[in-house]
Structures are given as structure tokens and as C-alpha cells.
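Reading the structure
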Amino acid sequence: MSRGPFSIGVPPEGVAGEPMIHIDPSHPRVRHGGEGAAIFLDHGGNAPLLDQVSTALQRVYVGSQVAPAMFAAFEEHGLIQPVELRIETEDGPSFTVPDGYTIAQDRLAALDGAALAALHRDDFLRPAIWAASSLGNIAALVERKRRRDG
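The model shown is predicted, which means the values in this text are computed figures rather than measured ones.

**Some remarks on helix H1 (residues 48-76)**
Across its 29 residues, H1 extends 42 Å between first and last C-alpha, which sits within 8% of the 42 Å expected from 1.5 Å per residue. The axis of H1 is deflected most strongly, by about 40°, at Val66, and proline Pro68 appears within four residues downstream. Buried residues in H1 make contact with strand E1 (6-9), strand E2 (20-23), strand E3 (80-88), strand E4 (94-103), helix H3 (113-121) and helix H4 (125-134). Gly78 occupies a position one or two residues after H1 and carries a positive phi of about 65°.

**Re the environment of Ser7**
Among the secondary structure elements, Ser7 is positioned in strand E1. Residue Ser7 is classed as partly exposed on the basis of its relative accessible area, which comes to 30%. It is 9.4 Å that separates the C-alpha atoms of Ser7 and Ser54, two residues lying 47 residues apart in sequence. If we skip the residues at most four places from it in the chain, Ser7 touches Met20, Ile21, His22 and Leu57.

**A few points about the side chain of Thr102**
The topology assignment puts Thr102 in strand E4. Overall, the relative accessible area of 9% leaves Thr102 in the buried class. Reaching out from Thr102, the side chain makes a polar contact with the backbone oxygen of Ala131 at a distance of 3.2 Å. Contacts of Thr102, omitting those with residues within four sequence positions, involve Leu79, Ile80, Gln81, Val83, Ala131, Ala132 and Leu135.

**A look at the pattern of salt bridges**
Counting across every chain of the model gives 3 salt bridges. We note a salt bridge from Arg121 to Asp122, for which the minimum N-O separation is 3.2 Å. Taking relative accessible area as the criterion, Asp122 reaches 34% and is therefore assigned partly exposed.

Conventions and cut-offs
- Residues numbered from 1 in each chain as written.
- Predicted model: local features only at pLDDT ≥ 70, side-chain atom pairs only at ≥ 80, totals over all residues.
- Heavy atoms only, no water.
- Helix = DSSP H or I, 4+ residues; strand = E, 2+ residues; numbered from the N terminus.
- Expected span 1.5 Å × (residues − 1).
- Bend = angle between axes of the 7 residues up to and from the residue.
- Contact = heavy atoms within 4.5 Å.
- Buried < 20%, exposed > 50% of the residue type's maximum accessible area, 1.4 Å probe, protein only.
- Polar contact = N/O pair within 3.5 Å; in protein donor to acceptor, adjacent residues only side chain to side chain.
- Salt bridge = Lys/Arg side-chain N within 4 Å of Asp/Glu carboxyl O.

Rendered as C-alpha cells:
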């Protein structure tokens, strides 16, 4: 959300060039007559907002380049597990989030040393652990929302 109104523009397949930051000039965060946040300094250079967005978009882009190999490794080791989240609040509505995926904790814990070493070597072990443990945060997130709304 913090990246809006910015996006990553990549050259078409087979065309030389590097990813660039694109901007939606009609977005309310873009300065129009003194409104919105500046993206450039008055006398040249990037404003802090543009530096922050550039860093965030770079992380997204690098992640998008690594993701296919990472998910292939997870699939190779049988770690990907479909999940449907059912969130029920004590005093409010219930939510279902279908078609999700996570890393199966039991399968991750059962990997042998060679598989763990391969995931670690490719720097995929940390994200596997993060994903496997992330579902434990759902209850805390629901509680935070309840406190904020209530």
C-alpha cells in the first residue's frame, strides 16, 4: 500500500532496459498545486518519499525474480500446503480466505540434512520458516483489529 501511486515498469520481453519506477500522476499522493507529497526536492534530487518507494519497489522486484526458483524448491521438497483461513471474531463477522498456501510445518520439520542444506544454500530456508510460522500470527492480528475497531 505504501508504494501507491508508484509501480514497477519493466521492458517488454526481448527489449533491452532496466526496471523503472512508473507513477500514476492522478493519484492523490502526487503533489498538485501544493497538495500531496513531493517526489523530488525543489532544487533537484529525490524527496524522501521517492527514496522510500524506490527501496520498496526494488525489494518487490528482486523477490519477483527469486520467487519461481524458491517455489520450485518448496515444491520439490513437498512443502507447499493449501490452506483456507477461517477467521471468527467474538463480537463480529466471520471471514473465510480461500485458495491460500503455506509451508507445511510437519514436512519442514521432517526434512533431512541434505534438503535443509540445499534450502539454506539457496537462502530459501528462512522464508520457508517464516511462512510456516506465519499462521500463528492470525489470532494476534484479529485481536489487534478488534481492539482498534472496538
